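# Structural description and commentary
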Amino acid sequence: MHLSNRILLSAGLVFFLRPPEVEAVPTFEKNGEVMIPRKDFKTSADQISVSFRATRWGMYDLMFEGSSDRHPKATLNGQGPIKGRLASSDLQARGSETLPSGGYLGSFYLKKAGSCVIELEGASPGVRALRLVPACEGKAVVQQAGNPIELDARNCRISGVMLRYEPNPKKLCIGFWGNPNDYPVWDYTVASAGKYEVVVTQGCGRGAGGSRAVLETAGTALEFTVKDTGGYQNWDDVSLGEVTFEKAGPHKLTVKVLSKARGIMDIRRIVLKPVK
């Protein structure tokens, strides 16, 4: 056999016999969290690597479950955590029942869905799993006394598998609301007790209106029908009614789908206006 043919044949055998790159099969939970167990890790000394296919872009808090005698350094797609961003207040706001025993590795922005690689350096065998938790892209809102409470889309966190914040300057909204079980959550602090009018800025495609939804906050549930605005970025301010805060303090606001029509809606912001 000619030498060049032997070389090509050998290279082909090596390629054929090389084990394929195996992607992890994470658990995608209903609230949008992504859990990757240790059995899907690739480990070498004190390093962990795992690859998988992400289904949604956006901001995530990366957590590890288990224990480690050192605090691992993490990267996502070769990028380190966002500087200046501390352990997400969103995690604490959700309550200890949803927090994994382990630690916070940083906040990361996933630019697009698709191939994703997480690498940890300095990890111990006690790390049992990795967990990506959808995080607020802005921050929790604190009212200035006497002023309206403005809950922009960027300041919510998402519970769900499709819904997400859209940073395109022409949108700046929460969209991709195809799953009626998904919903946004805003954490905010009221400085001035009293009565407030609730106004939602929503858009909905032509012929896609009619979904029923409910906004819940401060012990009040305001049901409404989504308006057809002729386009998902054709914004309309819709007054839903009033809520009363008996005292100042922290609150949550959610918008959940009761019944889905052809489409749901995009939301750009929700404003709570003091009623004089």
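Refer to the structure presented above.
Described below are features of the structure shown in this document. (Residues numbered from 1 in each chain as written. Predicted model: local features only at pLDDT ≥ 70, side-chain atom pairs only at ≥ 80, totals over all residues. Heavy atoms only, no water.)

When helices and strands are counted, the protein shows two helices and 21 strands. Long-range pairs, those at least 24 residues apart, make up 78% of the contacts in the protein between residues at least 6 apart in sequence. Here the protein displays about 14400 Å² of accessible surface, and carbon together with sulfur accounts for 54% of that area. (Helix = DSSP H or I, 4+ residues; strand = E, 2+ residues; numbered from the N terminus. Contact = heavy atoms within 4.5 Å. Areas by Shrake-Rupley, 256 points an atom, 1.4 Å probe, with all protein chains shown as cover.)

In this structure, Val255, Ile270 and Leu272 are the most contacted members of the largest nonpolar core, which totals 35 residues. Excluding residues that lie within four positions of it along the chain, Ile270 makes contacts with Ile149, Glu150, Leu151, Trp186, Val198, Val199, Val200, Leu215, Leu253 and Val255. Residues Ile48, Leu62, Ala74 and Cys116 belong to the second largest nonpolar core, which totals 23 residues. (Core = buried A, V, L, I, M, F, W, Y, C linked by side-chain atoms within 4.5 Å. Buried < 20%, exposed > 50% of the residue type's maximum accessible area, 1.4 Å probe, protein only.)

Following the criterion strictly, the structure yields three aromatic pairs and no others. Geometrically, the ring pair formed by Tyr188 and Phe245 is edge-to-face, given 6.2 Å between the ring centres and 85° between the ring planes. Pair noted here: Tyr188 is in strand 15 (residues 183–190) and Phe245 is in strand 19 (residues 231–245), with a separation of 57 residues, a long-range link. Each of the two residues, Tyr188 as well as Phe245, counts as buried. Relative to Phe245, the ring of Tyr196 has its centre 5.3 Å away and its plane inclined at 80°; by these criteria the two rings are edge-to-face. On the criterion of sequence distance, the pair formed by Tyr196 in strand 16 (residues 194–204) and Phe245 in strand 19 is long-range, its members being 49 residues apart. Clustering of aromatic rings is evident, with ring pairs tying together Tyr188, Tyr196 and Phe245. If you follow Arg164 out to its NZ or CZ, it ends over the ring of Trp57, 4.6 Å from the centre. Seen from the ring of Tyr183, Lys256 lies directly overhead, with NZ or CZ sitting 4.5 Å from the centre. (Phe/Tyr/Trp six-rings, centres within 6.5 Å; stacked < 30°, edge-to-face > 60°. Lys NZ or Arg CZ within 6 Å of the ring centre and 35° of its normal.)

Here we come to the sheet that holds strand 7 (residues 102–110). One open sheet holds the five strands; their spatial order is 1-2-9-5-7, and the pairing between them is antiparallel. Single-partner strands in this sheet number two, and they are strand 1 (27–28) and strand 7. Pairing of strand 2 (residues 34–37) with strand 9 (residues 127–134), which is carried by four bridges, proceeds in the antiparallel orientation. Among the inter-strand pairings, Ile36 is bridged to a residue of strand 9, identified as Leu130. (Pairing = 2+ DSSP bridges.)

With that settled, consider the pairing of strand 20 (residues 249–259). Sheet topology note: the strand 15/strand 20 ladder contains six bridges and is antiparallel. The residue bridging Val190 from the neighbouring strand is Gly249, located in strand 20. In the sheet, strand 17 (residues 212–217) pairs with strand 20 via six bridges, with the strands oriented antiparallel. Bridge assignment links Arg212 to a residue of strand 20, and that residue is Ser259.

On to the environment of Val243, then. With respect to the helices, strands and loops of the structure, Val243 is situated in strand 19. Residues contacting Val243, with those up to four places away along its chain left out, are Gly194, Lys195, Tyr196, Val198, Thr217, Thr220, Leu222 and Leu272.

This next bit is on unusual backbone geometry. Phi is positive for Ala45, which is not a glycine, with a value near 55°. Here Ala45 is to be found in the loop between strand 3 (42–44) and strand 4 (47–54). For Ala45, a relative accessible area of 82% translates into the label exposed. Phi at Asn77 is positive, roughly 50°, even though this residue is not glycine. With respect to the element layout, Asn77 can be found in the loop between strand 6 (73–76) and helix 2 (89–94).

With that out of the way, let us pick up the pattern of salt bridges. Counted according to the given criterion, the structure contains 11 salt bridges. Between Glu33 and Arg131 there is a salt bridge, and its shortest N-O distance comes to 2.8 Å. With a gap of 98 residues between them, Glu33 in the loop between strand 1 and strand 2 and Arg131 in strand 9 connect regions that are remote in the sequence. As far as burial versus exposure is concerned, Glu33 and Arg131 are alike and both buried. Across the salt bridge formed by Arg212 and Glu223, the nearest N and O atoms sit 3.2 Å from each other. Residue Arg212 is found in strand 17, and its partner Glu223 is found in strand 18 (residues 220–225); the two are separated by 11 residues along the sequence. Bridged by salt links that share partners, the residues Glu29, Glu33, Glu65 and Arg131 form one connected network. (Salt bridge = Lys/Arg side-chain N within 4 Å of Asp/Glu carboxyl O.)

Distances and angles like these do not, on their own, reveal function.
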